[in-house]
Amino acid sequence: NGQFERAFKSFKRGNEILKQTAEPYDGELRKKFVDDMIRAYPREVLASPGIGANYSERPVFVVGMMRSGTTLVEQILSSHRDVHGAGELPFWTHAVAKHEYVIRRGQVDGALKKILANDYLKTLQRCSPDALRVTDKTNFNADYLGLIHTVFPQARFLYVRRDPIDTCLSCYFNQLSFAQSFTLDLADLAHYYREHQRLVSHWRAVLPAGVMLDVPYAELVESQEKWTRKILDFVGLKWDERCLEYHTSERPVLTASFWQVRQRLYTNSLERWRRYEK
């Protein structure tokens, strides 16, 4: 009803209350992680994955900041007859936690690559035994693109890019997991977003050509068919008219975007931040 200032104050107060019980965001720890991943996975490492790599084309990773449009992109893709949308799989987050020392130093040998590849393909097989492509839209996978590429050199990464302030504002306005405690504070959000962009810029610069496609959210919602064709071509799939009718899919969606993906594409979420500019 246009009471944007009042609404913002309410969101701020709610987040301040939640922040009292959440694990504090450690900006220095985050910066150190990004430094380590940039150092461990330079262009020369990613150019030749080496022994233990698996050349399956089945995995497709839809990544980006939370609230950037990743659920929408997965919903469009999963409407294709040859695609299964697996949603958010915790596999790589758990793998990095388990093997953090060697992964952060880029010391993943052929034996570990083979284990990770086999275990992940088994995970995808449980999700769908016959789909040509299986999508994993865990946002945090954006942190691990170097590692994932050394394990699956033929996997494709779709990076969904939305206006930075719209993205962060949407994070601030939605109650996300306490594991994302940086979303409860505007300064923490800005810090996390900058570090996220620093790491993604690195992947963009060092991954081989044809591995990662930037999908601009604003262009997708304004030119749906054009970008749907680009996305399908990028992941090696033929055109399927059903991708334009993604909103009619009965596939369950468990993210905060569950309602948005039941509607046709709309543009009224573009530059939403201007209502709260003050």
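Residues numbered from 1 in each chain as written. Predicted model: local features only at pLDDT ≥ 70, side-chain atom pairs only at ≥ 80, totals over all residues. Heavy atoms only, no water.

> Pulling in residues and values, what's your account of the side chain of Thr228?
Residue placement: Thr228 occurs in helix H12 (residues 224-234). Note on Thr228: relative accessible area 0%, which makes it buried. Of the polar contacts made by the side chain of Thr228, one reaches the backbone oxygen of Gln224; its length is 2.7 Å. Apart from the residues lying within four places of it in its own chain, the contact partners of Thr228 are Ile76, Trp239, Cys243 and Leu244. (Helix = DSSP H or I, 4+ residues; strand = E, 2+ residues; numbered from the N terminus. Buried < 20%, exposed > 50% of the residue type's maximum accessible area, 1.4 Å probe, protein only. Polar contact = N/O pair within 3.5 Å; in protein donor to acceptor, adjacent residues only side chain to side chain. Contact = heavy atoms within 4.5 Å.)

> Describe the nonpolar core, with residues and values.
For soluble globular proteins, the rule of thumb is that nonpolar side chains tend to be buried together. Within the largest apolar cluster, 40 residues are counted, with the highest numbers of intra-cluster contacts made by Tyr41, Trp92, Leu147 and Trp203. Those elements that provide at least two residues to this core are helix H2 (27-40), strand S1 (59-63), helix H5 (91-98), helix H7 (110-127), helix H8 (145-151), strand S4 (156-161) and helix H10 (186-206). In terms of residues, this core owes the most to one element, H7, which gives five residues. Setting aside residues no more than four positions away along its own chain, Tyr41 makes contact with Leu46, Ile103, Gly106, Val108, Gly146, Leu147, Thr150, His202, Trp203 and Val206. The next biggest cluster of nonpolar side chains, apart from the first, holds 22 residues, and it includes Leu77, Ile231, Val235 and Leu237. (Core = buried A, V, L, I, M, F, W, Y, C linked by side-chain atoms within 4.5 Å.)

> Break down H5 for me, with residues and values.
Since the α-helix packs 3.6 residues into each turn, any two residues three or four apart lie on the same face. Those residues of H5 lying buried are Phe91, Trp92, Ala95 and Val96. On an axial view of H5, the arc spanned by its buried residues comes to 125 degrees, and they lie on one face. In this structure, H5 carries His94, Ala97 and Lys98 as exposed residues pointing more than 90 degrees from its buried face. Packing partners of the buried residues in H5 comprise S1, helix H6 (100-104), H7, strand S3 (133-136) and H8. (Arc of directions from axis to C-beta.)

> Requested: an account of the environment of Gly2, with residues and values cited.
By the secondary structure assignment, Gly2 is in the segment before helix H1 (4-19). Residue class for Gly2 comes out partly exposed when judged on its relative accessible area of 48%. In sequence terms Gly2 and Arg275 are 273 residues apart; their C-alpha atoms lie 8.6 Å from each other.

> So, the sheet that holds S1: which residues are in play, and what are the values?
Pairing is parallel across the open sheet formed by five strands, whose spatial order is S2-S3-S1-S4-S5. The sheet terminates laterally at strand S2 (83-85) and strand S5 (212-216), the two strands that pair on one side only. When strand polarity is set aside, the average angle formed by the axes of neighbouring strands in this sheet is 25 degrees. H12 rests against S4 and S5 of the sheet, and its axis sits at about 165 degrees to S5. (Pairing = 2+ DSSP bridges. Axes fitted to C-alpha atoms, helices over the stretch in contact; angles between N-to-C directions.)

> Lay out the environment of Cys168 with the relevant residues and their values.
Inspection of the secondary structure puts Cys168 in helix H9 (residues 164-173). Residue classification places Cys168 among the buried positions, given a relative accessible area of 14%. For the pair formed by Cys168 and Ser79, sequence separation is 89 residues and the distance between their alpha carbons is 28 Å. The contacts of Cys168, once residues within four sequence positions are left out, are Leu189 and Tyr193.

> Would you mind going over the packing of aromatic side chains in detail, with residue names and values included?
Taken as a whole and judged by the stated rule, the model has 17 aromatic pairs. The interplanar angle of 15 degrees and the centroid separation of 5.7 Å between the aromatic rings of Phe61 and Tyr120 together place this pair among those described as stacked. Here Tyr120 lies in helix H7 and Phe61 lies in strand S1, a separation of 59 residues in the sequence. Each member of the pair, Phe61 as well as Tyr120, carries the same accessibility label: buried. If you follow Arg105 out to its NZ or CZ, it ends over the ring of Tyr101, 3.8 Å from the centre. Directly above the ring of Trp239 sits Arg229, whose terminal nitrogen or CZ lies 3.9 Å from the centroid. (Phe/Tyr/Trp six-rings, centres within 6.5 Å; stacked < 30°, edge-to-face > 60°. Lys NZ or Arg CZ within 6 Å of the ring centre and 35° of its normal.)

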